[in-house]
Amino acid sequence: MRTSTTRFAGVLTGLTLALGGVAFAAPAAHADVTACINQVERELHGGEAPDSVRMACYVGLTGDHAQCVSGLTAGGVTNGTAVSACRVAPE
């Protein structure tokens, strides 16, 4: 029984380290989404971006440029701003 407890502790430690690495990398990715949102907010002349814009920028972070642009233009953002904002999301 002791072997399974040791194995369980090892698996739990490995999982904790893996998830900790993901959490550590997340702030860098978030900055890219912020850059996308900031591009859109500049077009809105200081207005806060709605949730639809934030979600489209998160989609852009995954590298799906076309879906990001589509989501932003559906939210009322001009095509030129949408293209440039989605371009900075996955950087």
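Our structure's up above, just so we're on the same page.
In this text the structure is predicted, and so the values were computed from the model without any measurement.

Asks: How would you sum up the state of the cysteines? Please name residues and give values.
Replies: All chains considered together, the criterion is met by two disulfides. With a sulfur-sulfur separation of 2.0 Å, Cys36 is cross-linked through a disulfide to Cys57. When the S-S torsion is -70 degrees, as for the bridge of Cys36 with Cys57, the disulfide is left-handed. Here Cys36, found in helix H1 (residues 2-43), pairs with Cys57, found in helix H2 (residues 51-61); they are 21 residues apart in sequence, far enough to count as distant. In this pair, the class of Cys36 matches that of Cys57, namely buried. Paired by a disulfide, Cys68 and Cys86 hold their sulfur atoms 2.0 Å apart. A torsion of -85 degrees about the S-S bond marks the disulfide between Cys68 and Cys86 as left-handed. Placement of Cys68 in helix H3 (residues 65-74) and of Cys86 in helix H4 (residues 79-88) is noted, with a sequence separation of 18 residues between them.

Asks: Which residues make up the pattern of salt bridges, and what are the values?
Replies: Going through the model one piece at a time under the given rule, you end up with two salt bridges. With its nearest N and O atoms 3.9 Å apart, the salt bridge here joins Glu41 to Arg54. Taken together, the residues Glu41 in helix H1 and Arg54 in helix H2 connect sequence positions 13 residues apart. Judged by its relative accessible area of 18%, Glu41 falls in the buried class. Arg54 sits in the partly exposed class, given a relative accessible area of 25%.

Asks: I'd like a description of the packing of H2 against H3, backed by residues and values.
Replies: For the pair H2 and H3, the least separation of the axes is 8 Å and the interaxial angle reads 170 degrees. The pairing of H2 with H3 is recorded here as roughly antiparallel in orientation. Where H2 approaches H3, its residues Val53, Ala56, Cys57, Val59 and Gly60 are matched on the opposing element by Gln67, Cys68, Gly71 and Leu72.

Asks: Can you break down the environment of Glu48 residue by residue, with the values?
Replies: Position of Glu48 among the secondary structure elements: in the loop between H1 and H2. Relative accessible area serves as the criterion here: at 64%, Glu48 is assigned to the exposed category. With eleven residues separating them in the primary sequence, Glu48 and Ile37 have C-alpha atoms 8.9 Å apart. Residues within four places of Glu48 in sequence aside, it is in contact with Glu41 and Arg54. Among the polar contacts made by the side chain of Glu48, one reaches the side chain of Arg54 at a distance of 3.3 Å.

Reading guide: rules and limits
Residues numbered from 1 in each chain as written. Predicted model: local features only at pLDDT ≥ 70, side-chain atom pairs only at ≥ 80, totals over all residues. Heavy atoms only, no water. Disulfide = S-S within 2.5 Å. Helix = DSSP H or I, 4+ residues; strand = E, 2+ residues; numbered from the N terminus. Buried < 20%, exposed > 50% of the residue type's maximum accessible area, 1.4 Å probe, protein only. Salt bridge = Lys/Arg side-chain N within 4 Å of Asp/Glu carboxyl O. Axes fitted to C-alpha atoms, helices over the stretch in contact; angles between N-to-C directions. Parallel < 35°, antiparallel > 145°, perpendicular 65-115°, else oblique. Contact = heavy atoms within 4.5 Å. Polar contact = N/O pair within 3.5 Å; in protein donor to acceptor, adjacent residues only side chain to side chain.

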